[in-house]
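# Summary of the model geometry
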Amino acid sequence: MRLKLTIISFLFFAHSFSQTINNSDKINSYIESYFRLDRENIHVQFNKNTYVNNEDIGFKGYVLSKNNGKLNTNTTNVQLVVYDNQEQIVLKQLLFTSKGTFAGGIHLTDKFKSGIYHFHFYTNWMNNFNEDDSFTQKIEIIDKSEPYNLKTTEPNYKTAQVTFFPEGGLIIDAINNTIGVKIVDCNQKGIEVEGISIVDSKLNEITKLNTNKMGNGSFYFIPETNESYTLKIKTDKIDIQQPLPKISETGLTLSYNNNLPKNIIAVAIKTNEKGLETYKGKKYTILIHQDGNSIQKELTLKGDETEQVLLFDKKFLSNGVNSIRLLDENLNEITERLVYKYATQKAQTTLEAKAIANDSIILLGKTNTKQAQLSISVLPHDNINLAQNKSIMGTFYLNAYLENPENDNYIYFDQNNKNQKQDMELLMLNQHRSKFLWNNIKANPPKINYKFNKGVTISGKVEKNTSGNSKYRISLISLKNSVFEETAIDQNSDFKFENFFAQDSTVFLLQMINEKSAVKFTKMEARVTPNESKFMLPLRFEKDVCPLEKKPETSFSFSKSPFDGGAVDLAGVTIQNTFKKDVFTHKSDMSINATAFKIDDTEFGNVLDFIGRNGFKTGIDPEENTAYIRNSRDAFSDNPPAVYLDNAVVFDYNLLYSLDLNDVDEIYIDKSGASDTSASSSGTIKIFLKIGSDKNDYFRAKYTSLIVTTGFTKNIEFKNASFESQKEYFYFGTLNWTPTIEIKENPNYELRFPKTGQTEIKVLIEGMAADGQPISEIQTIPVQ
């Protein structure tokens, strides 16, 4: 399938500036130039974040167009690179994105040892920008054969550290200052503390404060330059004395009130009496913007007022984080504050779980929106993965603008959090700046150095000298995928299919045809180029640096399977003989040395793999992208067996890779070669199709075949792993993972899954509506 290539460009209307261009026009020019190119943001929901090494990992991705605030329908290629905790690459996948979403997964194997892994999702287009818009997710993989230490939800109090965030970056003498405080442990986990004191050099208590669960707090005070101040914490878990930053004699600071009626935000610049001598009469600009959406006002400090306030209508602000910048007359940034605007409308989901017949649960859901894509993970109530707190809102509206992303951000969007807005205001106070630096916006607008990848490229060269004859063309065919494409052969006998959807394991046939579409035999070489991209910005992974405290009460050991190295007691087990003798149609075609296989519905996979499971070595040569069959008894011989499909010789083993066993009736394997006197000593293999299957669908005489091994990764068929005990399943298992739920006009949907003794379940919902409205909820549901 050829992918439609849409060139991403946005009209940029250049201003005709006069020689006396004003600051307002300059600012508009900077903003328009820096944000004129569309950017992609990626959010990925995982079914959970801790896995036993026999489970499946499932994930669903959403790609946002920042310029229109909706799912990006232009994106097709998303690169996934998986790193271990030493930042060594262990896996790469190219993920196909359609209508702004993608789904994928991994069947865990012994390749993934116990430890922490980082899944990094990005696009090549992201490399054009100074800011990191990629997505990372930290997961943990557990080896069942080793004891596992359950993680505590408590922070590491011994490593508590305090950071101050003075409003505007300065603590100014003799005026009321707002100071943000953040207390975290060595893993950057917030620490909630009550009764924190601020004292002066004489130990007089100036004020007190508390921090919330995320470790954020604030206090107000009027300092003096000739005094020093200290934050003191004295509890049974923390003992800290942290000096405050030095008091500045003067300066400018920026503050705002975001809780006024009539949808108004008041922004103020403040200084002290000494500052009036320096700043009085000078012009300043307050700029509020998110990406290319901006509003600005000028002001001049006049008279004897040390504080001046400007009012802005919040209808001009975008949902999410907005930057408030204070600029001087030369458009240098003095300071920056961040403010968050919540959306006025939020999609809400109602859920009901019922136990039904056959020991199953039906989950009935309703999300009050239309035209939406959802993904849902259902976990046991006691599952250890309930710390999974990344929200699609946190990715698109919060972390997309923060210099230091907030990993556990769901609490800021949890509709059950009564302190949601206060928590967000503290988070905004405790930021040094946004990730969009003003100096970059002024002087370093992005340039297109990395292309917007669409699909993969299939290219090659024909051996026959066509001398640039335009009569000849190359046709590309995939019978299973209904692909029929053509392209020209150039004067160098090269051909190319660009922007193509080619999935791993797909077999393509390539033929040279003339102007009458008659096939002309020629040898040719072909390859798939995946347009793989490297991420050019520094990698930023969420690391655990706190020492792991191993305690007997937190150690968990998995049960051993009754089949692990021991005999199984079969007392009381009744064995029934259900053997049914197969009737073979073509047995007379083979010698007595041949092994006959009747293919029934229990067989799976393709014919090449079947041959590999029954006496021959098979595989795909990664350099040639071609299948091979070798006699396992003669590892030093490249002489292949003779292979027949409905008694027609098969020269191209790639066809066996695309031939499903459900189209096959019988297979005969003779490793001696006695079934065919003309065959080599490497053996004979005969394949007979079921009635109704046409070998011409798989067999062509004048073609070259190509097996795709570097194309888009196939999504897995997600399956729940088995556990030896109910306790293990409740701690680590997944009840249901449904990555693709499409809401059209009907907002109702339902899921069914085994009950397994649950009285309560946890449901994690993420999604995006067609109008750009994000959906994110975590609910605990009783099973009726």
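To start, this report covers the structure provided alongside it.

About the criteria used
- Residues numbered from 1 in each chain as written.
- Predicted model: local features only at pLDDT ≥ 70, side-chain atom pairs only at ≥ 80, totals over all residues.
- Heavy atoms only, no water.
- Salt bridge = Lys/Arg side-chain N within 4 Å of Asp/Glu carboxyl O.
- Helix = DSSP H or I, 4+ residues; strand = E, 2+ residues; numbered from the N terminus.
- Buried < 20%, exposed > 50% of the residue type's maximum accessible area, 1.4 Å probe, protein only.
- Pairing = 2+ DSSP bridges.
- Axes fitted to C-alpha atoms, helices over the stretch in contact; angles between N-to-C directions.
- Polar contact = N/O pair within 3.5 Å; in protein donor to acceptor, adjacent residues only side chain to side chain.
- Core = buried A, V, L, I, M, F, W, Y, C linked by side-chain atoms within 4.5 Å.
- Contact = heavy atoms within 4.5 Å.
- Disulfide = S-S within 2.5 Å.

### Some remarks on the pattern of salt bridges
- Here the structure, examined in full by the defined rule, presents 25 salt bridges.
- When the shortest N-O distance is used, the salt bridge between K138 and D544 registers 2.9 Å. On the criterion of sequence distance, the pair formed by K138 in strand β9 (residues 135–142) and D544 in the loop between β34 (524–529) and β35 (555–556) is long-range, its members being 406 residues apart.
- Assessed through its relative accessible area of 39%, D544 is described here as partly exposed.
- With a closest N to O distance of 3.8 Å, E352 and K354 form a salt bridge.
- Taking relative accessible area as the criterion, E352 reaches 29% and is therefore assigned partly exposed.
- One connected set of salt bridges, linked through shared partners, spans K138, E542 and D544.

### Focus: the sheet that holds strand β2 (residues 50–52)
- Pairing is mixed across the open sheet formed by five strands, whose spatial order is β2-β9-β8-β5-β6. Each having just a single partner strand, β2 and β6 (89–96) make up the two edges of the open sheet. Averaged over all neighbouring strand pairs, the angle between strand axes comes to 25°, with direction disregarded.
- The pairing of strand β5 (residues 77–84) with β6 spans seven bridges and is antiparallel. Residue pairing in the sheet places V78 in a bridge with L95 of β6.

### Focus: the side chain of N53
- Mapping N53 onto the fold places it in the loop between β2 and β3 (56–65).
- What makes N53 buried here is its relative accessible area of 14%.
- At 3.5 Å, the side chain of N53 and the side chain of D143 are in polar contact.

### Overview of the nonpolar core
- Counting 51 residues, the largest nonpolar core has V267, I286, I324, Y340, L398, M424 and M428 as the members making the most contacts within it.
- The element that contributes the greatest number of residues to this core is helix α3 (residues 392–399), accounting for five residues.
- Once you skip the residues sitting within four places of it in the chain, L398 turns out to touch V321, Y340, M393, E406, N409, F413, M424, L427 and M428.
- Within the second largest apolar cluster, 32 residues are counted, among which are I142, Y148, A353 and V783.

### Remarks on α3
- Along α3, eight of the eight residues are buried, which leaves the element largely enclosed by surrounding structure.
- What α3 keeps buried is the set I392, M393, G394, T395, F396, Y397, L398 and N399.
- For α3, the capping residue at the N-terminal end is S391, with a side-chain oxygen 3.1 Å from the backbone nitrogen of M393.

### Digging into the state of the cysteines
- Following the criterion strictly, the structure yields one disulfide and no others.
- Across a sulfur-sulfur distance of 1.8 Å, C186 and C546 are joined as a disulfide pair. On the sign convention where negative means left-handed, the S-S torsion of about 125° between C186 and C546 marks this disulfide as right-handed. Residue C186 is found in the loop between β12 (177–184) and β13 (196–200), and its partner C546 is found in the loop between β34 and β35; the two are separated by 360 residues along the sequence.

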